[in-house]
Amino acid sequence: MKIYEKAPAKINLMLDVLHKRPDGYHEVEMIMTMVDLADRLTLTELSRDTIQISSQAGYIPLDEKNLAFQAAQKIKAKYNIKQGVHIHIDKQIPVAAGLAGGSSDAAAALRGLNRLWNLQIPHDDMMELGASIGSDVPFCITGGTALATGRGELLTPLTSPPDCWVVLAKPPINVSTADVYGRFRADKVAKHPSAIEMQKALENKSFDEICDQLGNVLEDVTLTHYPQVQQLKQAMIQLGADGVLMSGSGPTVFGLISKESKVARVYNGLRGFCKEVYAVRILT
């Protein structure tokens, strides 16, 4: 038996870091939504009690470091499953890009294994399993658009943005999320983005208001230490994207574009800066 699951990428419309918590995590306030750039997972049951990961991409781990592998381990342990599974990941989302590719793969693995083994896992239990793998996994399980608080695992569903184009560009560097958070200083933030104002913009379905409220406090860290990201952001603005922001801890920069006629100009212009450029729709 085979099960197929789609694992879309996410972008942060706003990201604020409030303070460091006693458990070592940072308290965050983020509004996230999904875009139509996705990995695709094929899950095949094995009679032997083993977990196998494969991928056409030669640059992702295929062992316990892979978050989809961890998802299978956790489900097997919690529900005492003695069957094995082979998970093939058709990788399309750039790695270490601030787009939650690994987290979305883990979420897709949890959803797929729930169906493959007919476990009928309650939603709250699925979210708890996801949170034990990574802070973005619960959001990737539910999808849509949401306000994420706590360390990112506490979710409030929100109105989706209006239909628009998203151009994503990742420079040829990898950025460590842990390193960015380690360098972040809340007391150095000049202006915090407003979750309340972004929620209002979403409720109004106002593309212009959403572009006005884009904000990410981690940009200060990543743009300072990785000038390529700063250059990419400036290029995207100059090429005419309506709203431009770095996603997550970077290095991917995205541009929201309302008119299809602008998309090709922005896309083609960015191809001069980096190879990994994608023009996709927002998932509404």
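Keep in mind the model is a prediction, meaning the values are calculated, not measured.

**Some remarks on the packing of helix 2 (residues 101-116) against helix 3 (residues 123-133)**
Turning to step 1, where the next piece is worked out: Relative orientation of the contacting elements helix 2 and helix 3 amounts to 145°, with a least axis distance of 10 Å. As helix 2 runs across helix 3, the sense of the crossing is right-handed. Between helix 2 and helix 3, the contacting residues are Ala106, Leu110, Arg111 and Asn114 on the first element and Met126, Leu129, Gly130 and Ile133 on the second.
Turning to step 2, where the next piece is worked out: Its residues placed into classes, the contact of helix 2 with helix 3 shows five nonpolar, two polar and one charged.

**Points about the sheet that holds strand 9 (residues 243-246)**
Pairing between sheet strands relies on hydrogen bonds along the backbone, with the strands arranged either parallel or antiparallel.
Turning to step 1, where the next piece is worked out: The four strands are arranged 9-10-7-11 in an open sheet whose pairing can be described as antiparallel. Pairing within the sheet leaves two strands with one partner each, and these edge strands are strand 9 and strand 11 (276-281). The average undirected angle you get between the axes of adjacent strands in this sheet is 20°.
Turning to step 2, where the next piece is worked out: Pairing of strand 7 (residues 165-170) with strand 10 (residues 253-257), which is carried by five bridges, proceeds in the antiparallel orientation. Bridge pairing in strand 10 places valine 166 opposite leucine 256.
Turning to step 3, where the next piece is worked out: Most of the contacts of helix 9 (residues 227-238) go to strand 10, to which it runs at about 10°, and overall it touches strand 7, strand 9 and strand 10.

**Brief notes about the nonpolar core**
Turning to step 1, where the next piece is worked out: The biggest cluster of nonpolar side chains holds 71 residues, and the ones touching the most others in it are Val85, Ile87, Leu110 and Leu270.
Turning to step 2, where the next piece is worked out: Tallying contributions element by element places helix 2 first for this core, with seven residues.
Turning to step 3, where the next piece is worked out: Beyond its immediate chain neighbours, meaning those up to four positions away, valine 85 contacts Leu43, Thr44, Leu46, Thr50, Ile51, Gln52, Ala72, Leu113, Leu116 and Trp117.
Turning to step 4, where the next piece is worked out: Within the second largest apolar cluster, 29 residues are counted, among which are Ile31, Leu147, Val166 and Leu168.

**Some details on helix 9**
Turning to step 1, where the next piece is worked out: Look at helix 9: 17 Å from first C-alpha to last across twelve residues, which is about the 16 Å you get at 1.5 Å a residue.
Turning to step 2, where the next piece is worked out: For helix 9, every residue scored as buried is listed here: Val229, Leu232, Lys233, Ala235 and Met236. Seen end-on, helix 9 carries its buried residues on one side only, within an arc spanning 160°.
Turning to step 3, where the next piece is worked out: Against strand 7, helix 8 (219-225), strand 9, strand 10 and helix 10 (260-270) lie the buried residues of helix 9.
Turning to step 4, where the next piece is worked out: Within two residues after helix 9, glycine 240 carries a phi angle of roughly 110°, on the positive side.

**Looking at the UniProt feature "domain: GHMP kinase N-terminal" (unreviewed entry) in the protein**
Turning to step 1, where the next piece is worked out: Taking the UniProt record as the reference, the feature "domain: GHMP kinase N-terminal" (unreviewed entry) is found at residues 66-144.
Turning to step 2, where the next piece is worked out: Across residues 66-144 one finds 57% helix and 9% strand; the C-alpha atoms that close the span lie 24 Å apart.

**Observations concerning the pattern of salt bridges**
Turning to step 1, where the next piece is worked out: Following the criterion strictly, the structure yields twelve salt bridges and no others.
Turning to step 2, where the next piece is worked out: Between glutamate 5 and arginine 111 there is a salt bridge; the shortest N-O distance is 3.1 Å. Taken together, the residues span a long stretch of sequence, with glutamate 5 in strand 1 (residues 2-20) and arginine 111 in helix 2 at a distance of 106 residues.
Turning to step 3, where the next piece is worked out: Of the charged contacts, one joins aspartate 36 and lysine 6 as a salt bridge, the two residues approaching to 3.1 Å between their closest N and O atoms. Here the residue aspartate 36 occupies a position in strand 2 (residues 26-46), and lysine 6 occupies one in strand 1, the gap between them amounting to 30 residues.
Turning to step 4, where the next piece is worked out: On the basis of relative accessibility, which here comes to 38%, the residue aspartate 36 falls in the partly exposed class.
Turning to step 5, where the next piece is worked out: By relative accessible area, which is 34% here, lysine 6 ends up partly exposed.

Rules and cut-offs
- Residues numbered from 1 in each chain as written.
- Predicted model: local features only at pLDDT ≥ 70, side-chain atom pairs only at ≥ 80, totals over all residues.
- Heavy atoms only, no water.
- Axes fitted to C-alpha atoms, helices over the stretch in contact; angles between N-to-C directions.
- Helix = DSSP H or I, 4+ residues; strand = E, 2+ residues; numbered from the N terminus.
- Left-handed = near helix turned anticlockwise from the far one by under 90°.
- Contact = heavy atoms within 4.5 Å.
- Nonpolar A, V, L, I, M, F, W, Y, C, P; charged D, E, K, R; others polar.
- Pairing = 2+ DSSP bridges.
- Core = buried A, V, L, I, M, F, W, Y, C linked by side-chain atoms within 4.5 Å.
- Buried < 20%, exposed > 50% of the residue type's maximum accessible area, 1.4 Å probe, protein only.
- Expected span 1.5 Å × (residues − 1).
- Arc of directions from axis to C-beta.
- UniProt positions renumbered as here; feature names shortened; annotations may be inferred.
- Salt bridge = Lys/Arg side-chain N within 4 Å of Asp/Glu carboxyl O.

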